[in-house]
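So you can see what is in the structure, the chains are spelled out below.
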Amino acid sequence: MTLRRLALVFTILSLLGFGGGNAIIPQMHADVVDHYHWITSAEFTRFFALGKLAPGPTTTMAALVGYAVAGLAGAVVATIAVFVPAAVLVYGAGHVWGRLRGNPWRERFARAIKPVVLGLLWAGVVTLARGATDAPITIGIAVVATIVMLRTDWNQAILVLAAGAFGAVVLR
Amino acid sequence: MDSPEPKRGSLLGLAISFGRVSATAFGGGQMPAIRREVVRRNGWLDDDSFLEVLALAQLLPGSNPSNVAVLVGSRVGGMAGAAVAFFATVLPGFAILMVLGAFALDSHLPWVGGALRGCAAMAVGLTLANTIELTAKRINVVDIAIVAAVAAFVLVLHASLALTLAIFIPVALVLTRPKSEAS
């Protein structure tokens, strides 16, 4: 039953995931934290951070939600559900895409969806921050991270690791 | 898609190329790595075709790297190629994340909890910076109004993703329509 719910939640997220992985963050949080109470808000942001730390798409964090809910089987189900439906859709679209070349609606849709996705990304940032910036030190880390990222091209995974090392000493 | 003679590459080549990127591209930066494999190292697509594939991958639902893998794989080796490139993109990250997660989440050591809190705060900052950069590219009244309305709709009214897309994609289509058509 739980596996079926996991599959359903992540399949819907997969098919509505316009604009890459992060635009589904608010809805994923609403589903797995607020509605089903599978994990806490703090855990949600930690899973997201681990998703950034591991190579590959950040969307793979769905595996950790599945793992928390139903062990390894949950991890596999959530990962398949969050990736495969979109992949099948993309495979099909790849075959008709060429015929849409020069169709003005293609350009217009691409243009229109950008600010909508950006609004979802902002909602995602707030959602993640609610679960992570809970003390002066964590707020400080987030502020420093923002400034460093805006001013340098340092590798994100290395920054996350550095913050982890800092947290291991200071936040224990 | 529209190239008359797609280059045939071995399924093994797809598995190695996409698997290598997925297992080694830590902390974003996957797309430049994928382009290097697909365009430069293997010559499966030229730069124009790659940009075309990227545009479609970004337009459709799903994470961009896995979408690009499906599209490139299908051009190189049909349905089998798409499947191989897709799994090569998802599986290494999944395996590494499971090991990381099993260690970090089942641990009750205090320093692991502290490390996770530090990582999470950093991830918030990275995502905020990324979103600021994307927003700075779209400084015009219409776009900013749509961005603000969508964010408020989701955060204040707790609207679902489906409802948000159903309302705001048509609204954005009208508001961002080309000037020539509007006059």
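Right, let's walk through the structure included here. Everything numeric here is computed off the predicted structure, so don't read it as measured data.

### So, a nonpolar patch on the surface
Residue and element names in this part refer to chain B.
Reasoning step 1: Together, V142, L163, I167, V171, V174 and L175 line one region of the surface with nonpolar side chains, adding up to about 440 Å² of accessible area.
Reasoning step 2: Per-element tally for the nonpolar patch: the top contributor is helix α7 (residues 161-175), with 5 residues.
Reasoning step 3: Within the secondary structure layout, V171 lies in helix α7.

### So, the pattern of salt bridges
Opposite charge on two side chains permits pairing when their charged atoms draw close.
Reasoning step 1: If you walk through the whole model with that rule in mind, you get 7 salt bridges over all chains.
Reasoning step 2: For the salt bridge of D134 of chain A with R117 of chain B, the shortest nitrogen-to-oxygen distance reads 3.3 Å. Linking D134 of chain A in the loop between α5 (104-132) and α6 (136-151) with R117 of chain B in helix α5 (residues 110-136), this pair reaches from one chain into another.
Reasoning step 3: Residue R138 of chain B is joined to D143 of chain B by a salt bridge in which the shortest nitrogen-to-oxygen separation is 3.0 Å. Side by side, R138 of chain B and D143 of chain B carry an identical accessibility label, which is buried.
Reasoning step 4: In this structure, a network of salt bridges that share partners links the residues R111 of chain A together with R138 and D143 of chain B.

### Here we look at the interface of chain B and chain A
Reasoning step 1: Between chain B and chain A, the contact holds 86 residues from the first and 93 residues from the second.
Reasoning step 2: For the pair chain B and chain A, the summed buried area comes to about 8100 Å², and 77% of that belongs to carbon and sulfur atoms.
Reasoning step 3: The largest per-residue losses of area from chain B upon contact with chain A belong to L59, R117 and L161 of chain B, which jointly make up 9% of the total buried on that side.
Reasoning step 4: In this assembly, chain B and chain A are joined by 11 residue pairs in polar contact (both at pLDDT 80 or more).
Reasoning step 5: Mapped by element, the contributors of at least two residues to the side of chain B that touches chain A are α1 (11-24), α3 (47-59), α4 (64-106), α5, α6 (141-155) and α7 of chain B.
Reasoning step 6: For the side of chain B that touches chain A, the element with the most residues is α4 of chain B, which contributes 24 residues.
Reasoning step 7: Taken together, the residues of the side of chain B that touches chain A sort by class into 52 nonpolar, 25 polar and 9 charged.

About the thresholds
Residues numbered from 1 in each chain as written. Chains lettered and ligands numbered in written order. Predicted model: local features only at pLDDT ≥ 70, side-chain atom pairs only at ≥ 80, totals over all residues. Heavy atoms only, no water. Patch = residues over 30% accessible without salt bridge, like charges linked within 9 Å, V, L, I, M, F, W, Y side chains within 5 Å. Areas by Shrake-Rupley, 256 points an atom, 1.4 Å probe, with all protein chains shown as cover. Salt bridge = Lys/Arg side-chain N within 4 Å of Asp/Glu carboxyl O. Helix = DSSP H or I, 4+ residues; strand = E, 2+ residues; numbered from the N terminus. Buried < 20%, exposed > 50% of the residue type's maximum accessible area, 1.4 Å probe, protein only. Contact = heavy atoms within 4.5 Å. Buried area = accessible area lost by both parts, 1.4 Å probe. Polar contact = N/O pair within 3.5 Å; in protein donor to acceptor, adjacent residues only side chain to side chain. Nonpolar A, V, L, I, M, F, W, Y, C, P; charged D, E, K, R; others polar.

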